[in-house]
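Each chain is listed here by its residues.
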Amino acid sequence: MDSIWAGRRHREDYGDLDALVESIARDGLLQPITITPDGMLICGARRLAAIRRLGWKTVNVWARSGISTTLGQLLAEQDDNLLHKPLTRTEEATLFAELKSLMVEDATGRQEASRFTSKHENPRSHGAATVAAPQKGETRQQAALMVTGRNAYTSLERINELQNLAADTAQPDDVQQRAREELDRIDAGESITGAQHRIRAAQALAELDTLASDPAQPAGIRDTAAAGAARLRELEDTVRPADLERLAVLAVERAKTATKKRPAQLASARLHAVEEQPREFLPVRSFVYLWDELSTWTERYNPETIGPALSGEQWAMFENAVTATIAFLDTARTARNVRRETA
């Protein structure tokens, strides 16, 4: 037991350990904790704390080799003074995915041990205590906290989606390239939400290109898909990412249903394969996700560097965004106060 050690990334608040201690004392440790070959803890901080409370001197473990050097360094950190160069957001996402996978593997082992071990057995040194394994949300929350110090798993998983697309050779080349570009933009400080909208638009555009070039498709579908793809490329740099995604999805829908239209309708569909729709507001959940991403943006940039570096157009865009944000804040605060007064 004395050879097992944990870095500062593992949580120190283990909650109420009484039930876990009682379970281990009664049934034994049904799922070993997971460590590296040199004794560093990977998964099982609560189990380790409970075992130490029981005074055990030895315990069976899973010695897990093969974790990345970077994740090993992250988990091995003992205090803030040992921190290396800050991780980029995509590096954080890569470590999050690796750590989450290890934690899911550990949780699965606990569930299997609890399922197949008889309550009358007392193996002492095998498997996990007979308590519920962490749920999916808890696992990804723990992994995010250990990697970033924040409950930012939604943003990290969105980056993981882009990383998977960039590495997926089954995707069209344009989609893979767009995913790589979006990852670079995220590391440069741009919005993850915007990247997600743009990659979905790119996927829809690739589908339109496929439909337009497929000789097995009816002429109406090919023509409407080609018109939609051309219009999307015209709008790509001028509309908001969320609108671009919406228009792209609409263009695919119109292309796929083109042969069901009458001749006059088909001509109109080709002419207006992508057209602006009335503005639709996003749900509250989307707003919360956005501000979760932006919550620390002022810590990631040096204002003394940004001020002189921006062009006149870029500065005007920034000022307009801030002004619009303040106006939005004032309106939202008023609505919030009115609701409180009438509640």
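Residues numbered from 1 in each chain as written. Predicted model: local features only at pLDDT ≥ 70, side-chain atom pairs only at ≥ 80, totals over all residues. Heavy atoms only, no water.

(A) How the structure looks around the nonpolar core. Residues Phe96, Leu99, Ile159, Leu162, Ile186 and Ile199 are the most contacted members of the largest nonpolar core, which totals 29 residues. One finds Ala201, Ala225, Val239 and Ala258 within the second-largest nonpolar core, a separate group that totals 18 residues. (Core = buried A, V, L, I, M, F, W, Y, C linked by side-chain atoms within 4.5 Å. Buried < 20%, exposed > 50% of the residue type's maximum accessible area, 1.4 Å probe, protein only.)

(B) Structural context of the confidence of the model for the protein chain. Mean pLDDT over the protein chain stands at 78; residues scoring 70 or higher make up 76%. Counted against residues more than four places away or in other chains, residues 78–84, with its pLDDT under 50, gives 10 contacts. Contacts of residues 116–135 to residues separated by more than four positions or lying in other chains number 55 contacts, the stretch itself having pLDDT below 50. (pLDDT = per-residue confidence, 0-100. Contact = heavy atoms within 4.5 Å.)

(C) Region of interest: a negative patch on the surface. The grouping of Glu91, Glu181, Asp184 and Asp187 at the surface amounts to a negative patch. Residue contributions to the negative patch peak at 3 residues, all from helix H7 (residues 173–187). Mapped onto the fold, Asp184 is located in helix H7. (Patch = residues over 30% accessible without salt bridge, like charges linked within 9 Å, V, L, I, M, F, W, Y side chains within 5 Å. Areas by Shrake-Rupley, 256 points an atom, 1.4 Å probe, with all protein chains shown as cover. Salt bridge = Lys/Arg side-chain N within 4 Å of Asp/Glu carboxyl O. Lys, Arg positive; Asp, Glu negative; His and termini not counted. Charge placed at Lys NZ, Arg CZ, Asp CG, Glu CD. Helix = DSSP H or I, 4+ residues; strand = E, 2+ residues; numbered from the N terminus.)

(D) Region of the structure containing the sheet that holds strand E2 (residues 41–43). The 3 strands are arranged E2-E1-E3 in an open sheet whose pairing can be described as mixed. For this open sheet the edge positions go to E2 and strand E3 (61–63), each flanked by a neighbour on one side alone. Pairs of neighbouring strands in the sheet enclose a mean axial angle of 40°, with direction left out of account. As defined by bridge partners, strand E1 (residues 33–35) adjoins E3 across 3 bridges and the pair is classed as parallel. Paired with Thr34 across the two strands is Trp62, which belongs to E3. (Pairing = 2+ DSSP bridges. Axes fitted to C-alpha atoms, helices over the stretch in contact; angles between N-to-C directions.)

(E) Region of interest: the environment of Glu92. You can see Glu92 is positioned in helix H4 (residues 89–116). The buried category is assigned to Glu92, whose relative accessible area is 17%. Separated by 64 residues in sequence, Glu92 and Leu156 have C-alpha atoms that sit 7.4 Å apart. When sequence neighbours within four positions are dropped, the list of residues in contact with Glu92 reads Leu87, Val147, Thr148 and Leu156.

(F) Spotlight on helix H1 (residues 18–27). Turning to H1, its buried residues are Leu20, Val21, Ser23, Ile24 and Asp27. For H1, the angular spread of buried residues about the axis comes to 165°, placing them on one side. Taken together, the buried residues of H1 touch helix H2 (45–54). Taken from the residues just after H1, Gly28 is the one with a positive phi, measuring 85°. (Arc of directions from axis to C-beta.)

(G) Here's a closer look at the pattern of salt bridges. Taken as a whole and assessed by the stated rule, the structure comprises 17 salt bridges. Among the ionic pairs, Glu157 bridges to Arg140, the shortest N-O distance being 2.9 Å. Residue Glu157 is located in helix H6 (residues 153–167), and its partner Arg140 is located in helix H5 (residues 136–148); the two are separated by 17 residues in the primary sequence. Put simply, Arg198 and Glu182 hold a salt bridge, and the shortest N to O gap is 2.8 Å. Pair noted here: Arg198 is in helix H8 (residues 192–213) and Glu182 is in helix H7, with a separation of 16 residues, a long-range link. The exposure class assigned to Glu182 is buried, which follows from its relative accessible area of 0%. By sharing partners, the salt bridges in this structure join Arg178, Glu182, Arg185, Glu190, Arg198 and Glu236 into a single network.

(H) Seen up close, the packing of H8 against helix H10 (residues 241–256). With their axes 8 Å apart at the nearest point, H8 and H10 run at an angle of 20° to one another. By the criterion of interaxial angle, the relationship of H8 to H10 is roughly parallel. The hand of the H8/H10 crossing is left-handed. In this structure, H8 contributes Gly194, His197, Arg198, Arg200, Ala201, Ala204, Glu207, Leu208 and Leu211 to the contact, and H10 contributes Pro241, Ala242, Leu244, Glu245, Ala248, Val249, Ala251, Val252, Ala255 and Lys256. Grouping the constituent residues of the contact of H8 with H10 by class yields 12 nonpolar, 2 polar and 5 charged. (Parallel < 35°, antiparallel > 145°, perpendicular 65-115°, else oblique. Left-handed = near helix turned anticlockwise from the far one by under 90°. Nonpolar A, V, L, I, M, F, W, Y, C, P; charged D, E, K, R; others polar.)

(I) Quick look at a nonpolar patch on the surface. Taken together, the side chains of Val284, Phe287, Val288, Leu290, Trp291 and Phe328 make up a nonpolar region of the molecular surface, amounting to roughly 580 Å² of accessible area. The element best represented in the nonpolar patch is helix H12 (residues 284–294), accounting for 5 residues. With respect to the helices and strands, the residue Trp291 is situated in helix H12. We classify Trp291 as partly exposed; its relative accessible area is 37%.

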